[in-house]
Amino acid sequence: EKPQLLDDEEGGVLFFSSSLSSSSSYGYASLEKQRQRLPVYKYRNSILYLVETHSTSIIVGETGSGKTTQIPRYLKEAGWAEGGRVIACTQPRRLAVQAVASRVAEEMGVKLGDEVGYTIRFEDLTNSELTRVKFLTDGVLLREMMTDPLLSKYSVIMVDEAHERSISTDILLGLLKKIQRRRPELRLIIASATIEAKSMAAFFDTSKKRRGSEDKQHGLKTEPAILSVEGRGYNVQVFYAEEPVPDYLRAAVSTVMSIHNQEPPGDILVFLTGQDDIDAAVELLTEEAQNNGKSSPGLTILPLYSGLSRADQDLVFSPTPRGKRKVVLSTNIAETSLTLEGVVYVVDSGFSKQRFYNPITDVENLIVAPISKASARQRAGRAGRVRPGKCYRLYTEEYYLKEMSTEGIPEIQRTSLVSSVIQLKALGIDNILGFDWPASPSPEAMIRALEVLYSLGVVDDDAKLTSPAGFQIAEIPLDPMISKMILASNELGCSEEILTIAAVLSIQSIWVSSRGSQKELDEAKMRFAAAEGDHVTFLNVYKGFLKCNKSPTWCHKNFVNYQAMKKVIEIREQLRRTAQRIGIILKSCDGDTQVVRKAVTAGYFANACRLEAFSHSGMYKTLRGSQEVYIHPSSILFRVNPKWILFHSLVSTDRQYMRNVITIDPAWLIEAAPHFYRHRQPDSFHQ
Ligand code: ADP
Ligand code: MG
């Protein structure tokens, strides 16, 4: 029989309240009752038994069944955190780490950061004495291996969302398998929303290589256990577009409006691809809802993507008041990482933003690409949490059946491997090609990565980390290119400036994009514009922000995102500490933008481009690979089109656009990376 979730909880206000005040007796009991209704609850003892008796347990269960929030707590209750040990639970996404940790702390009635804590890059909310259950990104756990190679403080490590096959998850799995050989008592739990358990089990099955399937000392089964949590999802009725949809953004907005106008109460979850299209949809939808005015009040429109402030996250998770309808416009973070209670309608654009890397042209970019059938099924499932729901797919049934791929491609097979290779090297794994990967990366991508690292001076002729540069670069928790830029700034005497630039480049955007007209935003930007490009412009914004004493009013007036700037200050402070630890001396170049640009070139020489002489459309070609690229409209140099530039990253829509661009002198390229550009004809560098 189906449990009735919301019926006996009038209004459900205390039910999901995310403040600690809900630990009043009523609210507390409610949370407790809610926990017992989760599908994993019935499996509590089986899960604990498997973990006790097996090195590795694989747990498959539908999204929302309670894997992430309940299992770490069960482990704690069973004593796995006694004697100073810690239970870890990894997530591929930072936002999921924060949201889940704060939920678990709330359920346990403890302060976040004490017994239950989390760590993501640039943010550590744990206490080394108190924290027993720790949520973290898989990338952070990889970093922890650099100081504690056997991860000795952890008794159980739960690798969550394994079905996503993020590159860090895959590397982590390979390394954990190695660690288990040295630490047979370490327990692993691999949690996943879809059944791909068999190949995972085969990967972790070391029993065949050994004599028995038992670890002699610990009496543990080394053959992985598989447990499937029977979920409870309600039926979801699926609707398809009758014709191919030319513009999924507009289609999504009009679908939301017709659901709102015609369907009974229930929240709407819309899957879009990223901050840019989500912000645009929020704006369109707000307009539509206003025009719709009197006939349909009560639409609360909320975005959900990583980088959202804590307050905005809380809004998404807080219960919808009676008589209102919530619309959440999300990236695929809501596909399996987070559960939003109360969703009855799902609108699926059929797309997500994915990283793709082409080892031939040596270009990595973020592409809005079709999702797989597996993802489409997950998305639809989100409509059936509280009662039977409906899913509107903005693509045709024929497309779904005939053209959508069955599964996604593991990230490791579609990204640049530069960061991963340097991390493995720093952990002492030199034979990268022989590493035991859950899915093998392509040899071309591997060779490209080694080549870039060689040109950056990170590895030597034998592909070993160089000392000290290679080790210093590995120590900074950023892309090796950014780290190299920081290292170079030390020699060039502009580390203060480069740290600011590095901090700004690690967040999405410092501009407010969804307010007022494009024209106003452009005018605001012009107040800070530097002819040398975006990086130098960031320095002007940062200077202005400090000068006005970090005033929110100043930010508002200048279309600068206040939250983003606060984050920049925080990240910069952490980078400053890391930089000082590895021996970088803080120094400002006092406005000498040439040295700043040289330092950027030292890291990003591989992204150099030249304006095509015959082109009036602003077409550039990358020096390596001759890829066609254009300056993104958000750049200060859009329409300025200087001859020689470097870009920070690429995004593609109809074309490949360069985000964050800076002007350079091509002579610096040969200086920065003689090996990389050695095959170039000298005349192609002439101005
Ligand atoms: P799984 O990991 O199996 O997908 P979770 O443990 O994340 O499931 O979620 C279990 C339940 O906990 C969800 O159904 C949801 O109702 C509730 N929940 C999880 N996180 C939050 C949150 N941040 N706010 C409110 N409810 C939450
Ligand atoms: Mg989960």
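Residues numbered from 1 in each chain as written. Chains lettered and ligands numbered in written order. Predicted model: local features only at pLDDT ≥ 70, side-chain atom pairs only at ≥ 80, totals over all residues. Heavy atoms only, no water.

Trainee: How do you make sense of the overall build of the protein chain when you look at a structure like this?
Mentor: The helix and strand inventory of the protein chain stands at 24 helices and 23 strands. The globule rule puts the C-alpha radius of gyration for 687 residues at 26 Å, and the 26 Å found for the protein chain is close to it. With the C-alpha coordinates of the protein chain rotated into their principal frame, the extents come out at 75 × 75 × 55 Å. Across the protein chain, every contact between residues at least 6 apart in sequence was considered, and the portion connecting residues at least 24 apart equals 73%. (Helix = DSSP H or I, 4+ residues; strand = E, 2+ residues; numbered from the N terminus. Rg over C-alpha atoms; globule rule 2.2 N^0.38 Å. Contact = heavy atoms within 4.5 Å.)

Trainee: Can you help me understand the packing of helix 18 (residues 495-505) against helix 22 (residues 562-581) in this one?
Mentor: Packed helices, taken two at a time, are described by the angle between their axes plus the distance between the axes. Their axes nearest at 9 Å, the elements helix 18 and helix 22 cross at an angle of 130°. Comparing their axes, helix 22 and helix 18 come out oblique. Pair helix 18 / helix 22 crosses with right-handed handedness. Only V568, I571, R572, L575, R576 and A579 of helix 22 make contact with helix 18, whose side of the interface consists of E496, L499, T500, A502, A503 and V504. Class assignment of the residues belonging to the contact of helix 18 with helix 22 gives a composition of eight nonpolar, one polar and three charged. (Axes fitted to C-alpha atoms, helices over the stretch in contact; angles between N-to-C directions. Parallel < 35°, antiparallel > 145°, perpendicular 65-115°, else oblique. Left-handed = near helix turned anticlockwise from the far one by under 90°. Nonpolar A, V, L, I, M, F, W, Y, C, P; charged D, E, K, R; others polar.)

Trainee: Any chance you could explain helix 20 (residues 534-547) here in plain terms?
Mentor: Each α-helix turn comprises 3.6 residues. Residues three or four places apart therefore point the same way. Across its 14 residues, helix 20 extends 20 Å between first and last C-alpha, which sits within 8% of the 20 Å expected from 1.5 Å per residue. Along helix 20, ten of the 14 residues are buried, which leaves the element largely enclosed by surrounding structure. Here helix 20 has its buried residues at D534, H535, V536, T537, F538, L539, V541, Y542, G544 and F545. Looking one or two places after helix 20, you find N549, whose phi comes out positive at around 60°. (Expected span 1.5 Å × (residues − 1). Buried < 20%, exposed > 50% of the residue type's maximum accessible area, 1.4 Å probe, protein only.)

Trainee: I would appreciate a short explanation of the packing of aromatic side chains in the present structure.
Mentor: By convention here, two paired aromatic rings are described through the distance between centres and the angle between planes. Counted by the stated rule, this structure contains 13 aromatic pairs. Among the aromatic residues, ring-to-ring pairing joins W511, F528, F545, W554 and Y562 into one connected group. The ring of Y400 carries R393 above its face, with NZ or CZ at 4.6 Å from the centroid. Positioned above the aromatic ring of Y630, the side-chain terminus of R655 is 3.9 Å from the ring centre. (Phe/Tyr/Trp six-rings, centres within 6.5 Å; stacked < 30°, edge-to-face > 60°. Lys NZ or Arg CZ within 6 Å of the ring centre and 35° of its normal.)

Trainee: I tried to follow the sheet that holds strand 18 (residues 389-393) on my own but got confused; where do I start?
Mentor: Paired through backbone hydrogen bonds, the strands of a sheet run either parallel or antiparallel to each other. Strand order in the open sheet formed by six strands is 11-18-15-12-14-13, and the pairing between neighbours is parallel. Where the open sheet ends on each side, the last strands, each with one partner, are strand 11 (236-240) and strand 13 (299-304). The mean inter-strand angle of the sheet, taken between neighbouring strand axes irrespective of direction, is 20°. Running over the sheet, helix 9 (residues 275-292) touches strand 13 and strand 14 (325-330) and is turned about 175° from strand 13. (Pairing = 2+ DSSP bridges.)

Trainee: Please explain the sheet that holds strand 7 (residues 187-192) as it appears in this structure.
Mentor: Read from one edge of the open sheet, eight strands run 4-3-5-2-6-7-1-10, paired in mixed fashion. Unpaired on one side and paired on the other, strand 4 (123-125) and strand 10 (225-229) mark the two borders of the sheet. On average, adjacent strands in this sheet sit at an angle of 20° to one another, irrespective of strand direction. Strand direction decides the pairing type here: strand 2 (residues 86-91) and strand 5 (residues 133-137), joined by five bridges, are parallel. Following the sheet pairing, A88 is matched in strand 5 by K134. Helix 7 (residues 197-204) contacts strand 1 (56-61), strand 7 and strand 10 of the sheet and is inclined by roughly 170° relative to strand 1.

Trainee: Would you explain the nonpolar core in this entry?
Mentor: Side chains of a nonpolar character, in soluble globular proteins, are inclined to be buried together. Grouped together as the largest cluster of nonpolar side chains are 110 residues, with contacts concentrated most on I157, M485, I486, I498, I510 and L575. Those residues in contact with I157 that lie beyond four places of it in its chain are A88, L141, L151, L176, L186, R187, L188 and I189. Counting 47 residues, the second largest nonpolar core, distinct from the first, contains A281, L304, A380 and A383. (Core = buried A, V, L, I, M, F, W, Y, C linked by side-chain atoms within 4.5 Å.)

Trainee: When you look at the packing of helix 18 against helix 23 (residues 593-604) in this model, what are you seeing that I'm missing?
Mentor: Following both chains from N to C, one finds helix 18 and helix 23 inclined at 55°, their axes separated by 10 Å at the closest point. Taken together, the axes of helix 18 and helix 23 are oblique relative to one another. Pair helix 18 / helix 23 crosses with right-handed handedness. Only V596, A599 and V600 of helix 23 make contact with helix 18, whose side of the interface consists of E497, I498 and I501. Of the residues that constitute the contact of helix 18 with helix 23, the class distribution is five nonpolar, no polar and one charged.

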